[in-house]
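# A structural walkthrough
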Amino acid sequence: MIDFLVTWLASTPTFATPILLACIGLIVCERAGVLNLGAEGMMAVGAMAAVAVTLTGGNPWTGILAGIGAGALLGLVFGLAVVVLRADQILAGLAAVAIGLGAAGLIGKPYVHTTVTGIARLDIPGLSDLPVVGPILFAQDPFVYIAVALALLGWFYLMRTRAGLRLRATGEDPGAADVAGVDVQLTQLAAVIVSGAACGLAGAYLSVVASQVWVEGMVAGRGWIAIGLVIFARWSPPRAILGALIFGGADALTPRLQAVGADVPAYLMMMLPYLLTIAVLAVPALLRRGGNAEPASLGLPFLRQDRR
Amino acid sequence: MSMSVFTAARARLRGTALALALGLGLAVLAGAQPADAFDLKGPPKIAFIYAAAIKDGGWNEAMDAARVKVEEALGVKIATSESIPEEATAFKAAVDLYVKRGYNIIVGTSYGYSDPILEAAKAYPDVAFLNASGTTNAANLESFYARTYEAWYLAGMAAGSVSGSGKVGMLAGFPVSVVNWDINAFTRGAQAMKPGAEAIAIFTNSWWDPVKEGQTSEAMLDQGADVIATNLSAASALNAAEKKGKYAIGYQIDMTAYAPKGILTSVVFRWENYLTPTIKKIIAGGWTPEEYGAFVGISTKTVDLLPFTANVPAEAQAKIAETRAAIEAGTFSPFAGPVVKQDGTEAVPAGAVMDDEKLWALDYFVKGVIGTMPAASK
């Protein structure tokens with residue numbers, strides 16, 4: 001029993017890390033007032049680019065950088081569309097998904113189903129051999145720790161720095177931020193690119209670190225789960241860690257329960273992230289207090305001429 | 001929900017022939033009449049139509065390898081179209097173009113083409129149609145699939161012969177009969193070599209998710225499985241076994257590269273062994289599509305095993321070769337009775353053999369499978 005718990009919890013970060021990485025970027029983006037529904041596509045190009053570069057003379061780390069770059073590039077395209085050209089964010093986001101999936105499939109053709117040497121697990125000396133906590137906390141791959149650090153960094157940036165305050169002001173009331181001297185478009189564009197880069201990193205993690213192979217469609221809906229996680233975390237990076245662990249833990253639990261022969265309602269488990277997200281959206285509304293922490297101007301294009 | 005999940009699932013459904021069972025059943029009800037021999041008009045021009053990318057590491061790649069072999073055998077060039085969606089309008093447009101350009105033998109490669117290809121066959125009675133894992137047949141259309149369970153039984157014997165723990169694992173996509181019979185045959189094969197052997201079977205509910213496949217394999221390894229067989233296409237299941245120093249069995253194409261040390265064999269498709277003689281017959285004249293489609297066994301090598309590696313002991317290999325000969329001779333079937341279900345009830349009594357109708361409706365696990373058949377598939 002204890003073995004089962006340890007192996008389950010030790011495998012949870014592999015599922016939690018990619019959605020957490022994407023989620024942190026998406027939180028920054030939404031806090032700046034831009035709804036980025038393109039996460040799935042940005043993860044797809046990230047996953048493909050990471051493997052492509054790793055296979056063509058690079059190493060896994062340059063591959064990861066390429067994944068970040070590819071995600072950021074698609075982020076830039078999306079950003080230009082919604083921030084500069086003020087395209088509808090929902091439509092442009094869905095278009096970014098289609099572009100990302102299509103581009104990944106097209107460019108990635110020569111690299112499909114080819115295994116890469118990934119990034120090894122980081123066993124922390126002295127701690128990784130500890131019973132129970134060792135394998136769970138101290139024998140994960142480096143990106144598990146990086147994701148947690150990024151979440152805390154994201155929180156610090158958003159809540160404790162002047163630049164973070166400006167970004168949040170942009171998402172709450174771009175008109176007021178503009179009056180206060182914030183360059184709304186530049187802030188939003190930067191936030192969108194950051195979210196693209198984060199999604200690219202998440203995709204690169206899926207291909208180079210978690211499975212060490214790329215196949216078309218391997219993101220398999222995780223981008224949408226990350227978008228759900230933003231709402232579940234109520235736009236707070238530290239809460240996203242908790243949420244990612246819950247979503248990832250459920251994901252990791254299904255195969256492990258099946259492996260011991262338990263009758264798992266697999267389809268129900270696959271619905272769980274979405275059900276939890278709806279619950280988190282519904283609860284504040286039902287309690288009639290607090291609101292749901294959604295940035296007030298999320299999804300609204302900013303036109304300076306329209307400023308009140 | 002994500003588009004990619006749906007397209008990916010659809011794209012791979014062609015590999016499952018999910019409702020071939022239904023199709024066969026309906027064909028029986030419809031009382032399809034045996035047709036007169038098909039007569040090809042004009043010189044043969046052949047085209048293959050794929051529902052997804054050709055280089056998919058599995059189903060389509062195996063099919064395309066067969067296309068190259070058919071080209072060599074017949075000395076003709078074969079046209080291809082890839083990623084043609086499994087819907088009537090898109091498929092019809094592709095067929096229309098080919099027919100206009102004089103193509104008269106069209107090979108579909110997807111379960112999802114079953115209905116559109118039947119429509120095309122009706123619209124173009126002078127064109128011969130073949131469809132892999134399809135469910136529809138007509139006077140100028142034959143669906144084909146292989147008895148994959150025969151190969152998986154032999155692969156199971158190999159797994160049983162090397163397993164120290166008596167536990168093997170099989171990773172599968174969705175609970176459909178063509179997958180279920182692989183799992184059951186694999187388990188029974190393992191038991192033939194190691195009495196009391198158990199097989200952990202897990203459905204990932206996805207055709208394309210290497211992350212999940214790798215993690216699911218790890219879960220099976222953690223539960224004591226020392227052979228991991230994949231019924232899917234991604235490398236990560238074999239990778240996981242290789243990393244833990246355990247054994248692995250691949251599927252669809254040669255997967256040796258993914259687990260060079262631990263691989264036992266791969267269950268592979270060689271569709272050319274069905275396609276070349278069939279197309280030759282179409283060209284020569286005298287081709288009559290099977291009323292309920294072609295369902296070819298391991299004797300045709302359409303589904304086959306790669307030579308076992310040295311991981312499989314010589315005496316086990318000899319016994320497997322004996323069993324294979326018996327299957328090919330028709331004196332043995334992987335589902336010869338008694339076949340006992342997971343819950344202990346008898347599915348096939350001693351002395352009887354599971355017939356094709358029961359095979360296509362297979363919705364239970366046999367005794368020794370660790371895992372649960374999702375309620376929806378029952």
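Residues numbered from 1 in each chain as written. Chains lettered and ligands numbered in written order. Predicted model: local features only at pLDDT ≥ 70, side-chain atom pairs only at ≥ 80, totals over all residues. Heavy atoms only, no water.

This part takes up the overall build of chain A. Regarding its fold elements, chain A presents 12 helices and two strands. Going from the N terminus to the C terminus, chain A shows its helices and strands as α-α-α-α-β-α-β-α-α-α-α-α-α-α. On C-alpha atoms alone, chain A measures out to a radius of gyration of 20 Å, which is about the 19 Å that the 2.2 N^0.38 rule sets for 308 residues. Seen through its principal axes, chain A has C-alpha atoms that stretch 60 × 50 × 40 Å. (Helix = DSSP H or I, 4+ residues; strand = E, 2+ residues; numbered from the N terminus. Rg over C-alpha atoms; globule rule 2.2 N^0.38 Å.)

Moving on to the state of the cysteines. Scanning all chains against the criterion turns up zero disulfides over all chains. Summary of cysteine pairing: Cys29(A) is not part of a disulfide, and the nearest cysteine sulfur, belonging to Cys199(A), is at 8.6 Å. (Disulfide = S-S within 2.5 Å.)

Further remarks concern the pattern of salt bridges. Residue and element names in this part refer to chain B. Going through the model one piece at a time under the given rule, you end up with 15 salt bridges over all chains. A salt bridge links Asp64 to Arg67, with the shortest nitrogen-to-oxygen separation between them at 2.7 Å. Highlighted residues: Asp64 and Arg67, both in helix H3 (residues 59–74), separated by three residues, approximately one helical turn. We classify Asp64 as buried; its relative accessible area is 12%. Three or more residues are tied together by salt bridges with common partners; here these are Asp64, Arg67, Glu71 and Lys77. (Salt bridge = Lys/Arg side-chain N within 4 Å of Asp/Glu carboxyl O. Buried < 20%, exposed > 50% of the residue type's maximum accessible area, 1.4 Å probe, protein only.)

Residues and elements named next belong to chain B. Tyr145, Trp152, Trp181, Trp271 and Leu275 are the most contacted members of the largest nonpolar core, which totals 186 residues. Here this core spans two domains, since at least three of its residues come from each of domain 1 (3–146 + 271–300) and domain 2 (148–268 + 303–377). Among the nonpolar cores identified, the runner-up in size contains 19 residues, and Ala51, Ala94, Ile106 and Val127 belong to it. (Core = buried A, V, L, I, M, F, W, Y, C linked by side-chain atoms within 4.5 Å. Domains from an automatic or database assignment.)

What follows concerns the interface of chain A and chain B. On the side of chain B, 37 residues touch chain A, which itself brings 36 residues to the contact. For the pairing of chain A and chain B, the buried interface totals around 3,100 Å² over both sides, and the portion due to carbon and sulfur atoms is 61%. The largest contributions to the chain A side of the interface with chain B come from His113(A), Ala259(A) and Tyr267(A), which together make up 19% of the buried area. Our count for the chain A to chain B interface comes out at three salt bridges. For the pair chain A and chain B, the interface holds six residue pairs in polar contact (both at pLDDT 80 or more). Of all the secondary-structure elements, those providing two or more residues to the side of chain A that touches chain B are helix H1 (2–31), helix H9 (184–211), helix H10 (222–232), helix H11 (237–259) and helix H12 (266–287) of chain A. Per element, the largest residue contribution to the side of chain A that touches chain B is five residues, and it comes from H1(A). (Contact = heavy atoms within 4.5 Å. Buried area = accessible area lost by both parts, 1.4 Å probe. Polar contact = N/O pair within 3.5 Å; in protein donor to acceptor, adjacent residues only side chain to side chain.)

Turning to the sheet that holds strand E12 (residues 303–305) of chain B, a few remarks are in order. All names here are of chain B. Taken together, the seven strands give an open sheet; going across it, the order is E12-E10-E9-E8-E6-E7-E15, and neighbouring strands pair in mixed fashion. With partners counted over all chains shown, the strands left at the sheet margins are E12 and strand E15 (369–370), one partner each. Across two bridges, the pairing between strand E7 (residues 198–203) and E15 is parallel. Within the sheet, the bridge partner assigned to Ala199 lies in E15 and is Val369. In the packing of helix H7 (residues 177–193) onto the sheet, contacts are made with strand E6 (167–172), E7, strand E8 (227–230), strand E9 (247–252) and E15, and the angle to E6 comes to roughly 170°. (Pairing = 2+ DSSP bridges. Axes fitted to C-alpha atoms, helices over the stretch in contact; angles between N-to-C directions.)

Let us look at the packing of aromatic side chains. All names here are of chain B. A full pass over the atoms with the stated rule returns 26 aromatic pairs over all chains. Each ring, one from Trp59 and one from Trp271, has its centre 5.5 Å from the other, and the planes form 70°; the classification is edge-to-face. Here the residue Trp59 occupies a position in helix H3, and Trp271 occupies one in the loop between strand E10 (263–269) and helix H10 (272–284), the gap between them amounting to 212 residues. A relative accessible area of 0% places Trp271 in the buried class. With 5.7 Å between their ring centres and 55° between their planes, Tyr251 and Phe269 make a pair best called tilted. Residue Tyr251 is found in strand E9, and its partner Phe269 is found in strand E10; the two are separated by 18 residues along the sequence. The buried category is assigned to Phe269, whose relative accessible area is 6%. Positioned above the aromatic ring of Tyr103 is the side chain of Lys45, whose terminal nitrogen or guanidinium carbon lies 4.6 Å from the ring centre. The ring of Tyr364 is capped by Lys341, whose NZ or CZ atom sits 4.5 Å from the centre of that ring. (Phe/Tyr/Trp six-rings, centres within 6.5 Å; stacked < 30°, edge-to-face > 60°. Lys NZ or Arg CZ within 6 Å of the ring centre and 35° of its normal.)

Let's shift gears to unusual backbone geometry. Backbone torsion omega between Gly337(B) and Pro338(B) reads -5°, so that peptide bond is classified as cis. Relative to the assigned elements, Pro338(B) resides in the loop between helix H11 (314–329) and strand E13 (339–340).

Split by domain assignment, chain B resolves into domain 1 (3–146 + 271–300) and domain 2 (148–268 + 303–377). One C-alpha centre belongs to domain 1 of chain B, the other to domain 2 of chain B, and the line joining them spans 28 Å.

Moving on, we come to H10(B). Residue and element names in this part refer to chain B. Relative to the 18 Å expected for 13 residues at 1.5 Å per residue, H10 spans 17 Å between its end C-alpha atoms, a close match to the ideal helical length. Looking at H10, one finds that the buried residues are Glu272, Tyr274, Leu275, Thr276, Thr278, Ile279 and Ile282. Contacts from the buried residues of H10 go to strand E1 (46–49), H3, strand E3 (105–108), strand E4 (128–132), strand E5 (141–146) and strand E11 (294–296). Gly285 sits one or two positions beyond H10 and adopts a positive phi of about 95°. (Expected span 1.5 Å × (residues − 1).)

Moving on, we come to the side chain of Thr109(B). All names here are of chain B. By the secondary structure assignment, Thr109 is in the loop between E3 and helix H5 (114–123). With relative accessibility at 0%, the residue Thr109 sits in the buried group. Of the polar contacts made by the side chain of Thr109, one reaches the backbone oxygen of Ile49; its length is 3.0 Å.

It is worth spelling out the sheet that holds E5(B) at this point. All names here are of chain B. Taken in spatial order, the six strands make up an open sheet running E2-E1-E3-E4-E5-E11, and their pairing is parallel. Both outer strands of the open sheet, strand E2 (78–81) and E11, are each paired with one neighbouring strand and no more. Going from strand to strand, the sheet's axes swing by 20° on average, the running direction of each strand aside. Sheet analysis places E3 next to E4, joined by four bridges and oriented parallel. What sits directly across from Ile105, in E4, is Ala128. On the sheet, H5 packs against E3, E4 and E5 and is oriented at approximately 175° with respect to E4.

So, on to a nonpolar patch on the surface. Residue and element names in this part refer to chain A. Taken together, the side chains of Met1, Ile2, Leu5, Leu9, Leu127, Leu130, Val132, Val133 and Leu137 present a nonpolar region at the surface, about 770 Å² in accessible area. Counting only elements with at least two residues in the nonpolar patch, the list comes to H1 and helix H5 (133–137). At three residues, the largest contribution of residues to the nonpolar patch is made by H1. Relative accessible area serves as the criterion here: at 38%, Val132 is assigned to the partly exposed category. (Patch = residues over 30% accessible without salt bridge, like charges linked within 9 Å, V, L, I, M, F, W, Y side chains within 5 Å. Areas by Shrake-Rupley, 256 points an atom, 1.4 Å probe, with all protein chains shown as cover.)

All names here are of chain B. Among the seven residues in E10, seven count as buried, and that is most of the element. Note: E9 against E10, five bridges, orientation parallel. Bridge pairing in E10 places Ala248 opposite Ile263. As defined by bridge partners, E10 adjoins E12 across three bridges and the pair is classed as antiparallel. Across the sheet, residue Val268 finds its bridge partner in E12, namely Asp304.

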